[in-house]
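Notes for the structure review
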Amino acid sequence: QQQVKQSPQSLIVQKGGISIINCAYENTAFDYFPWYQQFPGKGPALLIAIRPDVSEKKEGRFTISFNKSAKQFSLHIMDSQPGDSATYFCAASAGGGADGLTFGKGTHLIIQP
Amino acid sequence: EAGVAQSPRYKIIEKRQSVAFWCNPISGHATLYWYQQILGQGPKLLIQFQNNGVVDDSQLPKDRFSAERLKGVDSTLKIQPAKLEDSAVYLCASSQSPTEKLFFGSGTQLSVL
């Protein structure tokens with residue numbers, strides 16, 4: 001059973017555009033929702049994370065939108081740049097942090113110059 | 001601050017051979033994780049240590065995989081004997097505690113022929 005469903009599998013966005021990646025979860029006990037960015041040959045790196053007590057969190061060009069009732073959360077990348085081209089993973093855990101993280105299958109994002 | 005160190009970077013073996021991976025977490029991080037990342041998928045937790053004790057190994061194929069974290073610092077993951085389906089990137093990650101952020105190493109890419 002896939003606990004975190006991520007879409008789309010791949011995404012192509014023009015430079016300067018908005019990239020949007022969506023995730024849905026089933027376990028209502030989840031209380032920590034991070035997004036990770038992974039470049040080829042590197043491990044995933046924490047990008048931004050949110051807890052369910054807020055509906056939105058913004059860090060620079062990256063924003064997480066969280067909808068608790070729909071059990072969905074999304075990553076928005078504003079003014080997308082070629083350097084943002086990477087694979088993005090959403091994840092969720094019920095331990096408030098690193099413990100028990102379940103990852104989505106990833107979105108391969110390409111930003112065209 | 002030094003990141004999570006892993007070695008070797010790449011490993012190619014034939015099926016039924018054995019292989020070992022090494023990980024040195026970020027200094028002071030009590031919690032250490034081993035993840036398996038199959039091509040095109042998100043990381044999947046294999047085993048979690050808290051100091052030198054195992055917290056969760058429910059998804060570790062114990063008939064062929066083993067892991068240890070002697071002295072609560074660095075850790076080794078072993079596969080014996082390897083199967084073709086073990087081809088993947090093996091990621092080590094660490095956190096200060098289970099409720100804190102997760103930091104990944106660059107991983108070991110294993111190819112089983």
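Below is a short write-up of the structure. Note that the coordinates shown come from a computational prediction; the quantities given were computed from them, not determined experimentally.

**Details of the sheet that holds strand β7 (residues 65-68) of chain B**
Residues and elements named next belong to chain B.
- Strand order in the open sheet formed by 4 strands is β1-β3-β8-β7, with antiparallel pairing between adjacent strands. The open sheet has two edge strands, β1 (5-7) and β7, and neither has a second partner. Along the sheet, successive strands turn relative to each other by an average axial angle of 15°, direction set aside.
- Pairing of β1 with strand β3 (residues 19-24), which is carried by 3 bridges, proceeds in the antiparallel orientation. From the neighbouring strand, Ala5 faces β3, where its bridge partner is Asn24.

**Considering the sheet that holds strand β7 (residues 62-67) of chain A**
Residue and element names in this part refer to chain A.
- Spatially, β1-β3-β8-β7-β6 is the arrangement adopted by the 5 strands of the open sheet, whose pairing is antiparallel. Across the chains shown, the open sheet's two edge strands, defined by having one partner strand only, are β1 (4-7) and β6 (56-59). This sheet shows a mean twist of 15° between the axes of neighbouring strands, independent of strand direction.
- Bridge analysis of strand β3 (residues 19-25) against strand β8 (residues 72-77) gives 6 bridges, and the strand direction is antiparallel. The residue of β8 that forms the bridge with Asn22 is Ser74.

**Digging into the nonpolar core**
- Membership of the largest hydrophobic core comes to 24 residues, with the highest contact counts inside it found for Phe33(A), Trp35(A), Phe73(A), Leu75(A), Tyr88(A) and Leu109(A).
- Elements that contribute at least two residues to this core include exactly β2 (10-14), β3, β4 (33-38), β5 (45-50), β7, β8, β9 (86-92) and β11 (107-112) of chain A.
- Broken down by element, the residue count for this core peaks at 4 residues, all from β9(A).
- Residues Phe21(B), Cys23(B), Ile26(B) and Ala88(B) belong to the second largest nonpolar core, which totals 21 residues.

The rules we used
- Residues numbered from 1 in each chain as written.
- Chains lettered and ligands numbered in written order.
- Predicted model: local features only at pLDDT ≥ 70, side-chain atom pairs only at ≥ 80, totals over all residues.
- Heavy atoms only, no water.
- Pairing = 2+ DSSP bridges.
- Helix = DSSP H or I, 4+ residues; strand = E, 2+ residues; numbered from the N terminus.
- Axes fitted to C-alpha atoms, helices over the stretch in contact; angles between N-to-C directions.
- Core = buried A, V, L, I, M, F, W, Y, C linked by side-chain atoms within 4.5 Å.
- Buried < 20%, exposed > 50% of the residue type's maximum accessible area, 1.4 Å probe, protein only.

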